[in-house]
Amino acid sequence: MTRKEPLPAKRTAEIVREFGPFAGADSIAGVTHDGHNVWAATGAALVAFDPESGETTRKLDVACDAGTAFDGTYLYQIAESRIDKIDPATGAVLASIPAPGSGSDSGLTWAEGSLWVGQYRDRKIHQIDPATGAIRRTIESNRFVTGVTWVDGELWHATWEGDESELRRIDPASGAVLDRLQMPQGTFVSGLESDGAGLFYCGGGGSGKVRAVRRPKAAAAPARKA
């Protein structure tokens, strides 16, 4: 069902840095952050880079055509109709579960002991069991969903529909849009992950780049209740 609630005014996303393109890669799908490095899914390999220097630090030859996540120990990667659990030290696939969209999955993130999976054209976000793939709950959006991330209790997702991309903060209970950051014209977001602080890392699709976008201050430091 398409939501009819009035949307908050768009704000312009502040891109503070760009990384890539990376050697041997012409597109970026999922992105994640392991506390030190940013990981980018390039289709045939996961590439890790240092966000301070921009230098590539690791490369894992694994299938990776959509979202990427990190649970503090392991990487999770959408590969067609499955989600692989990957040892970041070796690149070994330790386990696989079915992806809820059976190949139409987009973004991926880890929060609250669950994986959260974006469904692009279905305009949904599923919370799933990381051991079995069972769907625990579903949140509806009113735009195509690409990347997904949680930070400080806030649920954000990226959109890419037509010639526009946005980063949206939504109410995890109702799906209502609470904040909107509009990317510059022609700049698209295929994957999304927070660094847990002041930045979002955004996969740039066919540009082959990852872009760092400043997280809004109001969202990063909500006012305390009296």
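Residues numbered from 1 in each chain as written. Predicted model: local features only at pLDDT ≥ 70, side-chain atom pairs only at ≥ 80, totals over all residues. Heavy atoms only, no water.

(A) A look at the sheet that holds strand 3 (residues 31-33). Pairing within the open sheet is antiparallel, and its four strands lie in the order 3-4-5-6. The open sheet has two edge strands with one neighbour each: strand 3 and strand 6 (56-60). Here the average twist between neighbouring strands, direction ignored, is 20°. Bridging between strand 3 and strand 4 (residues 38-41) involves three bridges; their strand directions are antiparallel. In the strand pairing of strand 4, Val31 is matched with Ala40. (Pairing = 2+ DSSP bridges. Helix = DSSP H or I, 4+ residues; strand = E, 2+ residues; numbered from the N terminus. Axes fitted to C-alpha atoms, helices over the stretch in contact; angles between N-to-C directions.)

(B) Just the packing of aromatic side chains, in detail. Applying the stated criterion to the full structure yields eight aromatic pairs. The interplanar angle of 35° and the centroid separation of 4.7 Å between the aromatic rings of Phe19 and Phe49 together place this pair among those described as tilted. With Phe19 in strand 2 (residues 15-19) and Phe49 in strand 5 (residues 46-49), this pair connects stretches of sequence that are 30 residues apart. Every member of this aromatic cluster is reached through a ring pair, and the members are Phe19, Phe22, Phe49 and Tyr201. (Phe/Tyr/Trp six-rings, centres within 6.5 Å; stacked < 30°, edge-to-face > 60°.)

(C) Quick peek at the environment of Arg143. Examined against the element boundaries, Arg143 turns out to sit in the loop between strand 14 (135-140) and strand 15 (145-151). On a C-alpha basis, the gap between Arg143 and Gly103 in space is 19 Å, while along the polypeptide they are 40 residues apart.

(D) How the structure looks around the pairing of strand 20 (residues 199-203). Burial analysis of strand 20 places five of its five residues in the buried class, which makes it a mostly covered element. As defined by bridge partners, strand 19 (residues 191-194) adjoins strand 20 across four bridges and the pair is classed as antiparallel. Within the sheet, the bridge partner assigned to Gly191 lies in strand 20 and is Gly203. The antiparallel hairpin formed by strand 19 and strand 20 contains four residues in its connecting segment, where Gly196 sits at a positive phi of about 85°. In the sheet, strand 20 pairs with strand 21 (residues 210-214) via five bridges, with the strands oriented antiparallel. By the bridge assignment, Gly203 is partnered in strand 21 with Val210. Count of turn residues in the strand 20/strand 21 antiparallel hairpin: six residues, of which Gly205 carries a positive phi of about 55°. (Buried < 20%, exposed > 50% of the residue type's maximum accessible area, 1.4 Å probe, protein only.)

(E) A look at the sheet that holds strand 8 (residues 75-79). A sheet is described by the order of its strands in space; here four strands give the open sequence 7-8-9-10, paired in antiparallel fashion. Whereas interior strands pair on both sides, the edge strands pair on one side only; in this sheet they are strand 7 (68-70) and strand 10 (93-98). Within this sheet the neighbouring strands show an average axis-to-axis angle of 20°, counted without direction.

(F) Looking closely at the side chain of Asp179. Inspection of the secondary structure puts Asp179 in strand 18 (residues 177-182). Residue classification places Asp179 among the buried positions, given a relative accessible area of 7%. Of note is the side chain of Asp179, whose polar atom sits 2.5 Å from the side chain of Arg11. If near-sequence neighbours (up to four positions away) are discounted, Asp179 is found in contact with Pro8, Arg11, Trp156, Leu167, Arg168, Arg169 and Pro216. (Polar contact = N/O pair within 3.5 Å; in protein donor to acceptor, adjacent residues only side chain to side chain. Contact = heavy atoms within 4.5 Å.)

(G) Geometry of the environment of Leu199. Inspection of the secondary structure assignment puts Leu199 in strand 20. When the C-alpha atoms of Leu199 and Glu14 are compared, they prove to be 9.9 Å apart, with 185 residues separating the residues in sequence. Dropping the residues within four chain positions of it, Leu199 is found in contact with Val16, Glu193, Ser194, Ala212, Val213, Arg214 and Arg215.

(H) Representation of the side chain of Gln77. Tracing the chain through its elements places Gln77 in strand 8. A distance of 3.0 Å separates a polar atom in the side chain of Gln77 from the backbone oxygen of Ala66.

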